[in-house]
Amino acid sequence: MSDHTVAPTKPASQATQIRLLTIRMLRKVMREPAVTIPNLAISVFFLFTYNGAFGSSGVTSFPGVGGNYLNFILPVTVLFSSISGGAAGLTLVADLETGYFRRQLSMPLSRASIVLAAILLGAIQVLVQATLILCLGLLMGADPAAGVGGALALLGFALLWGMGFAGYSVATGLKTGNAQAAQAATFIFFPLMFLAPVFLPMEQLAGWIQAIAKVNPTTYMLEAMRSVMIQGWVASSLIKGLVAAGIFATITLTAAVRVARSKTSRA
Amino acid sequence: MIEVNNLQKTFGKGDEAVHAVRGVDFQVDEGQIFGLLGANGAGKSTCVLMLATLLAPTGGSARVNGFDVLEQPNEVRQSFGAALQETGLDPLQKGVELLELHGRLYGYDKATAKARAADLLETVGLSSDGGRRIGTYSGGMRRRLDLAAALIHHPRILFLDEPTTGLDPASRRAIWEEVSKLKSEGVTVLLTTQYLEEADQLADHVAIMADGVIAATGTPDDLKAGMGADVVDVDLADEAEAIRAAAAVGSEAKVVGNEIRISATDGPAVLARVMNQLREAGIEPKGVSLTQPTLDDVFLNLTDGGSDHE
Ligand SMILES: Nc1ncnc2c1ncn2[C@@H]1O[C@H](COP(=O)(O)OP(=O)(O)OP(=O)(O)O)[C@@H](O)[C@H]1O
Ligand SMILES: [Mg+2]
C-alpha cells in the first residue's frame, strides 16, 4: 500500500481499467435483475413449453429432427439466450442517462476501455445465460451427438451470436441515448428469429417462409448448432454457421465502434 | 494554474447557433480561488466543461496545470477534479464503491484506494452512509459525495460548478471550509456560483459573466469599490422634516419621501457628520442606515437585473 495522502502518479493501465469497469457493470446488472431475468425466463420457457408440446408428438419422426426433440429445440433456446448480449448497450444507455458516462469521459481513461467493458459485460451475460440453459437442457435429457465438445461448441456459437447483439445494442444505444429506443430496436430481431426453421425442420416450413429462411443468417446458426446436437461434427454446417454469425458480429461491432468514436469525442 | 485565452464556444449552426462563450480571458494562479459569477445561461458551465475536456472549444485556447486542453487531454484529466453542475452518479452504485473504483482508476492500488475513500467519506461527513446505494442519498448528500469524488486523486486543480446549490447552511459552510483548506494546501480552484456571498467569502478573484463574455473582473473589494458609493439613509418624521434636514446637510442630500439619502465614498465619516448637522439643526431622526455596496449590486448592475437598480 502506498501513501494515500499524496496524488497517484499515473492512471491505471488499460487492462486494469477494463477489468474494473467491467466489474462495476456486472454489479450494476446484478442489482437490477428485472433487466436480465426476463430474457433468461423466456429461454427457459421455450425449452419447457416446446419440449412439452412437441417432444412427445409425432414431430420427432420428421426427417432432420432426429430421435430426440430436445436436441432439436435446445439450440433455439441457447440462441435466444444470446440476446442477453444486449446488456452491453442497455448498461451504456443507463450510464448516459445518469450522466455517469460523461463523468467517465472527464477521467484519464482510455475511451475504448469504457466501451470494451460494456461489450465484455455482454459477453459474460451471454455465457452465463447460455450455460444455464445448456445445463438445464442436458439435465432434461439432451445428448449432443458431438459430445462434450459439441456442448462447448454450442456455447461458442451463442457467444459469437451474442457479440452481434452486443454490438447492435451499443450502436443503437449510444446513437439514441435512450433506453426505450435501444430496447425497441431489438424487436427487429423477432422476425429474424422466427422466419427461420425454429420449431420445425426447414423442409416442413411453408414455401414463402422457406424462401426468407434461406437468406436469414439465423437459419445457418441454428443448423450449425443442430448439426452438433443431432449429427456430430459436420464441417459444412459449422462453417456456414460461423460465417453467418461472424458477418453479423462484424457488421454490428463495426457500427458500435463508429458510434462510440463519435460519442466519446468532444462535442 | 489555469490560463484561458480568448476561449469561445458556439453550439449548433446557422439560424440555431448559440454563442454560449464569445471570447473569455482569465488566469488563475497557483493556490488561488477564482469565482465565476453570472446569470442563468451566461456561459459559466460551458467554460468549465471546455476546461474539463468535455467540450471542444470553437476558438481560443486554454491550459490547465500547464497542459493544453485540446492537445493533452489525458494530462489535463489527471490534473483536475471536477464537481459539475449535473453530478452524474450511478444510483445503483454504493458511495464507497464509487470512491474506491475512481481511486484505482486514477492509479492507486487497492489498499490505498480503500484508505483514501474512507478518508474522504469522513471529510464530507458521509462515513456512515458510504455503504448505501447512491440512489438512496438526498440531493445534498450526492453533492457532497460528488465533491469527495472530485478530490479522490489529490488534484492540483479543482473545478466546482455551483458546488453548494441546494445545500443546507451547515453543509454549505462545511464545503466552504473544505475549499478554504484545499486552497491553503495550494490547490487552484475555479468556482462558479449563484451566491454572491459565496464568491465574496471564498474567491481571491471574481469575474462576472454576462452573455458569454466577462463583463467585470477583479477582487471582490475592487468590484464593490467600482460601484462607488456607500449610501447613508436617514428616516424622518415626514416629508417637510426631510426637506428641512436636507437643507441642514447641504446639496449632496437628496429627499426621497420621508428620507434623505447621501451617497459618499466614505460612508461612516459622512454618517457621523450628518448626525452632528441634524442635531445642531434640532432635527430628531427616526432611524439611520449605512449601506455599503455588495457583490449583488455589482452583479445586478452588470446583468439583466441592472435595469431595476437605482
Ligand atoms: N449542449 C448545448 N447545446 C446548445 N446550447 C447549449 C448547450 N449547452 C449550453 N447551451 C447554451 O449556452 C448558453 C450558456 O449555457 P451555460 O450552461 O454555460 O450557462 P450557465 O452560465 O452555466 O447557466 P446556469 O447558471 O443556468 O447554470 C445557454 O444559452 C445555453 O442554452
Ligand atoms: Mg451552469
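Quick caveat: nothing in here was measured; it's all calculated off a predicted structure.

For the rest of this paragraph, the subject is the overall build of chain B. Looking only at helices and strands, chain B has 11 helices and 14 strands in total. For 310 residues, the compact-globule estimate of 2.2 N^0.38 gives 19 Å, and the C-alpha radius of gyration of chain B, at 24 Å, exceeds that figure by more than 25%. Taken along the three principal axes of its C-alpha coordinates, chain B extends 80 × 50 × 35 Å. When the 310 residues of chain B are sorted by exposure, 50% land in the buried category.

Right, let's get into the nonpolar core. Counting 103 residues, the largest nonpolar core has I2, F26, L51, L99, L145, F159 and L190 of chain B as the members making the most contacts within it. Aside from chain neighbours lying at most four places away, what touches L99 of chain B is A117, L120, L121, L145, A148, A149 and I152 of chain B. Among the nonpolar cores identified, the runner-up in size contains 42 residues, and F80, I83, L155 and F248 of chain A belong to it.

In this section: the coordination of the magnesium ion (ligand 2). Angles between donor atoms at a metal ideally measure 109.5 degrees for a four-coordinate tetrahedral arrangement and either 90 or 180 degrees for a six-coordinate octahedral one. All names here are of chain B. Every protein donor of the magnesium ion (ligand 2) is listed here as S45 (OG) and Q85 (OE1), and their distances to the metal cover 1.9 to 2.1 Å. Remark: Q85 occurs in the loop between β6 (80-83) and α3 (95-105) and S45 occurs in helix α1 (residues 44-51); sequence separation between them is 40 residues. On the basis of relative accessible area, S45 is assigned to the buried category, the value being 19%. Overall, the relative accessible area of 36% leaves Q85 in the partly exposed class.

Moving on to the interface of chain B and chain A. Across the boundary between the two partners, chain B contributes 44 residues, which contact 34 residues of chain A. Summing the contributions of chain B and of chain A, the shared interface buries around 3,500 Å²; its carbon and sulfur component is 55%. Interface area lost by chain B to chain A is led by L54, L92 and L105 of chain B, which between them contribute 19%. Summed over the shared surface of chain B and chain A, the number is 5 salt bridges. For E97 of chain B, the salt bridge identified is with R27 of chain A, shortest N-O distance 3.7 Å. For the pair chain B and chain A, the number of links is 19 residue pairs in polar contact (both at pLDDT 80 or more).

Before going further, it helps to examine helix α5 (residues 139-151) of chain B. Compared with an ideal rise of 1.5 Å per residue, which puts 13 residues at 18 Å, α5 of chain B spans 19 Å between its outermost C-alpha atoms and is within 8% of the ideal. Every buried residue of α5 of chain B is listed here: G140, M141, R143, R144, L145, D146, L147, A148, A149, A150 and L151 of chain B. Looking at the packing, one finds that the buried side of α5 of chain B touches α5 (100-105) of chain A together with β6, α3, α4 (110-123), β7 (157-161) and α6 (169-184) of chain B.

One pass over the full model with this rule turns up 15 salt bridges over all chains. Residues R24 of chain A and D90 of chain B are paired through a salt bridge, measuring 3.0 Å at the closest nitrogen-oxygen approach. Here R24 of chain A, found in helix α1 (residues 14-30), pairs with D90 of chain B, found in the loop between β6 and α3, and the two come from separate chains. D90 of chain B shares its class with R24 of chain A; the two are buried. The residue D146 of chain B makes a salt bridge to R103 of chain A at a minimum N-O spacing of 2.2 Å. With D146 of chain B in helix α5 and R103 of chain A in helix α5, this pair bridges two chains. With respect to class, D146 of chain B is no different from R103 of chain A; both count as buried. Among the ionic contacts, a cluster of salt bridges with common partners joins R24, K28 and D95 of chain A together with D90 of chain B.

With domains assigned, chain B is organised as domain 1 (2-220) and domain 2 (228-292). Computed over C-alpha atoms, the centres of domain 1 of chain B and domain 2 of chain B are 46 Å apart.

The next thing to look at is the environment of L92 of chain B. Structurally, L92 of chain B can be placed in the loop between β6 and α3. Each C-alpha atom, one on L92 of chain B and one on V255 of chain B, is 63 Å from the other, the two residues being 163 residues apart in sequence. Beyond its immediate sequence surroundings of up to four residues, L92 of chain B is in contact with K28, R31 and E32 of chain A together with R133 of chain B.

Now for helix α11 (residues 217-231) of chain A. Residue and element names in this part refer to chain A. Taking 1.5 Å of rise per residue, the 15 residues of α11 would be expected to cover 21 Å, and the 20 Å separating its terminal C-alpha atoms lies within 8% of that figure. For α11, the set of buried residues is T218, T219, M221, L222, A224, M225, R226, S227, V228 and M229. Where α11 is buried, its residues touch α3 (69-81), α7 (147-176), α9 (189-194), α10 (207-215) and α12 (235-264). A positive phi of about 110 degrees marks G232, the residue just after α11.

Here we come to the site of ligand 1. Residue and element names in this part refer to chain B. In the neighbourhood of ligand 1, 14 residues make up the surrounding shell, with G41, K44, S45, T46 and Q194 lying closest. When ligand 1 is considered free in solution it has 630 Å² of accessible area, and contact with the protein chains removes 61% of it. Every element with two or more residues in the shell around ligand 1 is listed here: β2 (18-28) and α1. If you tally residues by element for the shell around ligand 1, the top one is α1, at 3 residues. Looking at the shell around ligand 1, its residues break down into 5 nonpolar, 7 polar and 2 charged.

Rules and cut-offs
Residues numbered from 1 in each chain as written. Chains lettered and ligands numbered in written order. Predicted model: local features only at pLDDT ≥ 70, side-chain atom pairs only at ≥ 80, totals over all residues. Heavy atoms only, no water. Helix = DSSP H or I, 4+ residues; strand = E, 2+ residues; numbered from the N terminus. Rg over C-alpha atoms; globule rule 2.2 N^0.38 Å. Buried < 20%, exposed > 50% of the residue type's maximum accessible area, 1.4 Å probe, protein only. Core = buried A, V, L, I, M, F, W, Y, C linked by side-chain atoms within 4.5 Å. Contact = heavy atoms within 4.5 Å. Donors = N, O, S within 2.8 Å, 3.2 Å for Na, K, Ca; no water. Buried area = accessible area lost by both parts, 1.4 Å probe. Salt bridge = Lys/Arg side-chain N within 4 Å of Asp/Glu carboxyl O. Polar contact = N/O pair within 3.5 Å; in protein donor to acceptor, adjacent residues only side chain to side chain. Expected span 1.5 Å × (residues − 1). Domains from an automatic or database assignment. Near = heavy atom within 4 Å. Areas by Shrake-Rupley, 256 points an atom, 1.4 Å probe, with all protein chains shown as cover. Nonpolar A, V, L, I, M, F, W, Y, C, P; charged D, E, K, R; others polar.

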